[in-house]
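# Summary of the model geometry
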Amino acid sequence: MKELTKGVLELYLHIPFCVKKCLYCDFLSGPADRTVMAAYVEALKAELEGRAEGCADFKVTSVFLGGGTPSLLEGERILELLETIKKYYCLDPCAEITIEANPGTVNRQKLACWRRAGINRLSIGLQSAFDEELAVLGRIHTWQQFLQTYEDALSEGFDNINIDLMSALPGQTPESWRASLEKVLSLKPPPCHISAYSLILEEGTQLYRLWEEGKLELLDEDADRLMYWETGRILEQAGYGRYEISNYALAGRECRHNCGYWSRRDYLGFGIGAASLFQNVRFQNGRSLQAYLEHPLNCRQEEHALSLGEQMEEFMFLGLRKTEGISPQGFQECFGQPLEEIYGQVIKKNLTDGLLEYRENGEGEMLALTDRGLDLSNYVFAQFLLDEDPA
Amino acid sequence: MDQSRIRNFCIIAHIDHGKSTLADRIIEKTGLLTSREMQNQVLDNMDLERERGITIKAQTVRTVYRAGDGEEYIFNLIDTPGHVDFNYEVSRSLAACDGAVLVVDAAQGIEAQTLANVYLALDHDLDVFPVINKIDLPSAEPQRVIEEIEDVIGLEAQDAPLISAKNGIGIEEVLEQIVTKIPAPVGDPDAPLQALIFDSVYDSYKGVIIFCRIMEGTVKKGTVIRLMATGARQEVVEVGYFGAGQFIPCQELSAGMVGYITASIKNVKDTAVGDTVTDDKNPCAEPLPGYKKVQSMVYCGLYPADGAKYPDLRDALEKLQLNDASLQYEPETSVALGFGFRCGFLGLLHLEVIQERLEREYNLDLVTTAPGVVYKVYKSNGEVIELTNPTNLPDPSEIEHMEEPIVTAEIMVTSEYIGSIMELCQERRGRYLGMEYIEGARALLKYELPLNEIIYDFFDALKSRSRGYASFDYDIKGYETSRLVKLDILINREEVDALSFIVHADSAYERGRRMCEKLKEEIPRHLFEIPIQAAVGGKIIARETVKAMRKDVLAKCYGGDITRKKKLLEKQKEGKKRMRQIGSVEIPQKAFMSVLKLDDD
């Protein structure tokens, strides 16, 4: 079997700190004081160092500092983390290195530090261009603060910037959503990447509780979809391509790191709760901060070696998230079995239902979600789960 | 054993008035069991019975009591089922007794079942004496209740023991009155054998164990017995009496005694409750009066949720029937649900009990179709059909007329709720027969009601409209002509047989409309729009629409989430497996049961 991605590796560093938990957030994060943050960075460095040995042959093509709010850390801490990576890993000089930043936690000094550290991509959590909507989400910043951050970032030389936006917010109207998009598009220059998500109400979040108590009205499915379609229309008009269900980019500015997840490239996650996929084994660090600070190399939970069937399932339900779809040829190369043999019936049904289609992309035939399929992607994906492992 | 020192009796009461607790105390005080050995409520020995606080099968226990007169008495306590569904069993249990202890709650006084049970006992010529229970409750009014018993029932109650079965107060007095007020049995041990079957259970080692009261004659090991109604014939293997929770063999059972017989009988169907056991070689002249074949009153379809479990369901029903001859079943096929069984029950409680036992004891996941009663369909060609499955209703053009079973119901209620209860009965097509005021603020309402109007949720409605104060009892009166129609449900324009039911023409529209609304909630969105329609005789009378699926998407899916997101997809796939495919529509199992809960407003 030919390993397409052998020798290439992505790194994810989880920074579980924020100023204050947002109402919709179900990620592993929370406020912490300066000493805890410093100790955590030390632990991260120890974990990076300790795990490096097994990765000597791998070229690291992307690094992603996610959270939480990584921009909350002092600039020097970020610098140290990147120094550690450079010291112990084979970091590709052209690697995409992203940090997530939230307005209200960023300043010129930090931005300058990040540049020095080699960070070349910024992902700014804006979510909405309207302060009332930001308040509903429990965000700590305003539109004005965002503008400041954006301007500072440009001044410090960042040109590869993503902006996160959320649709289907409580109280949002199609008009206000359109206006948010347009305000972002009218930035000078506009960002080269936009992630536009529909709000997902996750159990255990404060927003969920409010909804349960009847204090929050969610938008219905129809309104949600209208906004989604509108997003595609507006952004495509402005020159952005939708390359994944919720991700849009100017040509060549797709997020390589995230594409790695959907293409099942190997990645290692560092920090609490961080997940990894390495040589078809999935594993994850435990969620306890205390335990991690004490033994950063000793927090890995049970490993799960993916069976052939599980690999195929992932190939499909992750790969189909990309609008270009999956390549039947690629499936065959990866698993040594024709796609048709494993999934012929499911594909046929979904072609008939108008949820999947074959497209020619120049290099060969691709199987991809249709527009309707994008709306109902889970419905499609669930069908790609196998009842039993193929022989 | 000297007949004069046997007392065969039962305890009768309205539900929750403390029948089982008193039975426990009697068993405890008569010394066969220590308190520690006693499970709570010894007589209710099925889990289900204990949970629901009702007795489903008759339980019997023999204890020995040393009375104030220094003599030892044998007490045979026959515990009777406590629900109207099991009225016939109750009547047979009563026929096995010589007297009854009537338990009345000191706070609540006489209730509908109190009356029904007393009248039933008096019909069987039993000597009944009252006991006032729960006298330790703050709201107890023993004197008022005593007067009520005397006024309403006409029983002497001035010397009724005032007890608290729960706290063991006054039990001794009850025991003494059992000796003095309940007559000893009579009967000639040398006469031809005549024994009444009041229950039977199946034991995998002994076969069927017959519970009986010997009226005349004697039975022992080796006697060849004949069951007069079913004709079954077998040699007796063992006779004995009932210890608490165990069978204790003895030499013989003679006139006046209560005990059991085993005779290698393989099927409880052969040992029908109410049948007479006699000596095959020296039979009695006549069977005991009162035997009747038990009729199922309520029918529904039972289907395994997982079609592959059909054989398991069949085995489970077979086993249950060994112990419960009143459970009827026969295989049937539904387009929507596949292979299953049409089952007949004594009533809705019986249905629920069986359903729960199948689910708990046999670990089966069931789909139940709407329960219905037995309708009589008179066809124009003179044929008469007893209809238990709505699907089998002939074409309306072939039907001359239809009849439905009617009950006479007695509802006891405090006067402030009379209005709302009358309204309820009116809604359920009740015919008002009359009302009697009983002792001040309470009234006994008499109605005739169609059985199919009370089998679902009448009892719940009654309770909720009277804040729990109304009590209810009914008897089957007979059949009456009625304007009945079959209501069909069409999902995506296909008729779903398992959802059809028979309803009165005047209620068809309302029921159809609610059915559609309910199903709209239950059926998940599909890729296409799904019309849900209710129809009578091909004419659509109500419609709802399940809109097409618009969105089923996880907006965000990155690194660590993948394992979690896959679990979501797995759950989604699992959910689909539990659906029933009707044409191109997938219907969740519970949608078929939703019709049972149409009236929760």
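Residues numbered from 1 in each chain as written. Chains lettered and ligands numbered in written order. Predicted model: local features only at pLDDT ≥ 70, side-chain atom pairs only at ≥ 80, totals over all residues. Heavy atoms only, no water.

So, about the overall build of chain A. Helix and strand counts for chain A stand at 15 helices and 14 strands. For chain A, the spread of C-alpha atoms along the three principal axes comes to 55 × 55 × 45 Å. Taken over 391 residues, chain A has a buried fraction of 58%. In chain A, 69% of the contacts between residues at least 6 apart in sequence involve partners at least 24 apart. Carbon and sulfur atoms make up 50% of the accessible area of chain A, which amounts to about 16,300 Å² in all. (Helix = DSSP H or I, 4+ residues; strand = E, 2+ residues; numbered from the N terminus. Buried < 20%, exposed > 50% of the residue type's maximum accessible area, 1.4 Å probe, protein only. Contact = heavy atoms within 4.5 Å. Areas by Shrake-Rupley, 256 points an atom, 1.4 Å probe, with all protein chains shown as cover.)

Take the domain arrangement of chain A next. Residue and element names in this part refer to chain A. On domain assignment, one finds that chain A holds domain 1 (7-261) and domain 2 (307-391). A straight line from the C-alpha centre of domain 1 to that of domain 2 covers 29 Å. Each side of the interface is counted separately: domain 1 has eight residues, and domain 2 has eight residues. The largest share of the area that domain 1 buries against domain 2 comes from R242, E244 and I245, three residues that together contribute 54% of it. At the junction of domain 1 with domain 2, the criterion picks out two salt bridges. Linking R225 and D375 is a salt bridge whose minimum nitrogen-to-oxygen distance equals 2.7 Å. Along the contact surface separating domain 1 from domain 2 lie six residue pairs in polar contact (both at pLDDT 80 or more). When contributions to the side of domain 1 that touches domain 2 are tallied by element, the ones reaching two or more residues are α8 (221-237) and β7 (241-244). For the side of domain 1 that touches domain 2, the per-class residue count stands at five nonpolar, no polar and three charged. (Domains from an automatic or database assignment. Buried area = accessible area lost by both parts, 1.4 Å probe. Salt bridge = Lys/Arg side-chain N within 4 Å of Asp/Glu carboxyl O. Polar contact = N/O pair within 3.5 Å; in protein donor to acceptor, adjacent residues only side chain to side chain. Nonpolar A, V, L, I, M, F, W, Y, C, P; charged D, E, K, R; others polar.)

So, on to unusual backbone geometry. The amide bond that connects G67 of chain A to the next residue, G68 of chain A, takes the cis arrangement and shows omega of 15°. Within the fold, G68 of chain A resides in the loop between β2 (59-67) and α2 (75-88). The linkage connecting K188 of chain A with the following residue, P189 of chain A, adopts the cis geometry, with an omega of -15°. Mapped onto the elements, P189 of chain A comes out in the loop between α6 (174-185) and β6 (193-198). Although it is not a glycine, K134 of chain B adopts a positive phi angle of roughly 65°. With respect to the helices, strands and loops of the structure, K134 of chain B is situated in the loop between β5 (127-133) and α5 (142-153). On the basis of relative accessibility, which here comes to 23%, the residue K134 of chain B falls in the partly exposed class. The residue N492 of chain B is not glycine, and still its phi comes out positive at about 50°.

Time to look at the interface of chain A and chain B. How big an interface is tends to be expressed through the accessible area that disappears when the partners come together. Tallying the contact residues gives 42 residues for chain A and 28 residues for chain B. The tally of links between chain A and chain B comes to ten salt bridges. A salt bridge links K573 of chain B to D387 of chain A; the nearest nitrogen and oxygen atoms lie 2.9 Å apart. Taken together, the connections running from chain A to chain B amount to 18 residue pairs in polar contact (both at pLDDT 80 or more). Within the residue set of the side of chain A that touches chain B, elements represented by two or more residues are β6, α8, α9 (256-262), β11 (281-284), α11 (308-319), α14 (371-375) and α15 (377-382) of chain A. Taken together, the residues of the side of chain A that touches chain B break down into 19 nonpolar, eight polar and 15 charged.

Residues and elements named next belong to chain B. Mapped onto the elements of the fold, T278 is located in strand β15 (residues 276-279). A relative accessible area of 0% places T278 in the buried class. Side-chain polar atoms of T278 contact the backbone oxygen of L193, separated by 2.6 Å. Among all residues touching T278, those that are not within four sequence positions of it are L193, V224, I225, R226, M228, P283 and C284.

Residue and element names in this part refer to chain B. Strand β4 (residues 99-105) sits mainly inside the fold: seven of its seven residues count as buried. Side-chain alternation along β4 places G99, V101, V103 and D105 on one buried face and A100, L102 and V104 on a second face that is also buried. Judged from the five bridges that link them, strand β1 (residues 6-13) and β4 form a sheet pairing that is parallel. By the bridge assignment for β4, C10 is matched with A100. Direction of pairing for β4 relative to β5: parallel, over a ladder of seven bridges. Its bridge partner being in β5, D105 is matched across the sheet by N133. (Pairing = 2+ DSSP bridges.)

Turning our attention to the sheet that holds strand β11 (residues 238-243) of chain B. Residues and elements named next belong to chain B. If you walk across this open sheet you meet the eight strands as β10-β9-β15-β6-β7-β14-β11-β12, and the pairing is antiparallel. With one partner strand each, in any of the chains shown, β10 (233-235) and β12 (246-250) form the two edges of the open sheet. Across this sheet, the average inter-strand angle for adjacent strands is 40°, counted without regard to direction. The pairing of strand β9 (residues 224-227) with β10 spans three bridges and is classified as antiparallel. Each bridged residue has a counterpart across the sheet, and for I225 the counterpart in β10 is Q234. Set on the sheet, helix α3 (residues 87-95) makes contact with β6 (194-203) and β7 (207-216); between it and β6 the angle comes to about 125°. (Axes fitted to C-alpha atoms, helices over the stretch in contact; angles between N-to-C directions.)

With that out of the way, let us pick up the packing of helix α7 (residues 310-323) of chain B against helix α8 (residues 348-361) of chain B. Residue and element names in this part refer to chain B. Where α7 contacts α8, the two axes come as close as 11 Å, and the packing angle between them is 125°. Taken together, the axes of α7 and α8 are oblique relative to one another. Our pair here, α7 against α8, has a crossing hand that is right-handed. The residues of α8 that touch α7, namely those facing L313, A316, L317 and L320, are I354, R357 and L358. (Parallel < 35°, antiparallel > 145°, perpendicular 65-115°, else oblique. Left-handed = near helix turned anticlockwise from the far one by under 90°.)

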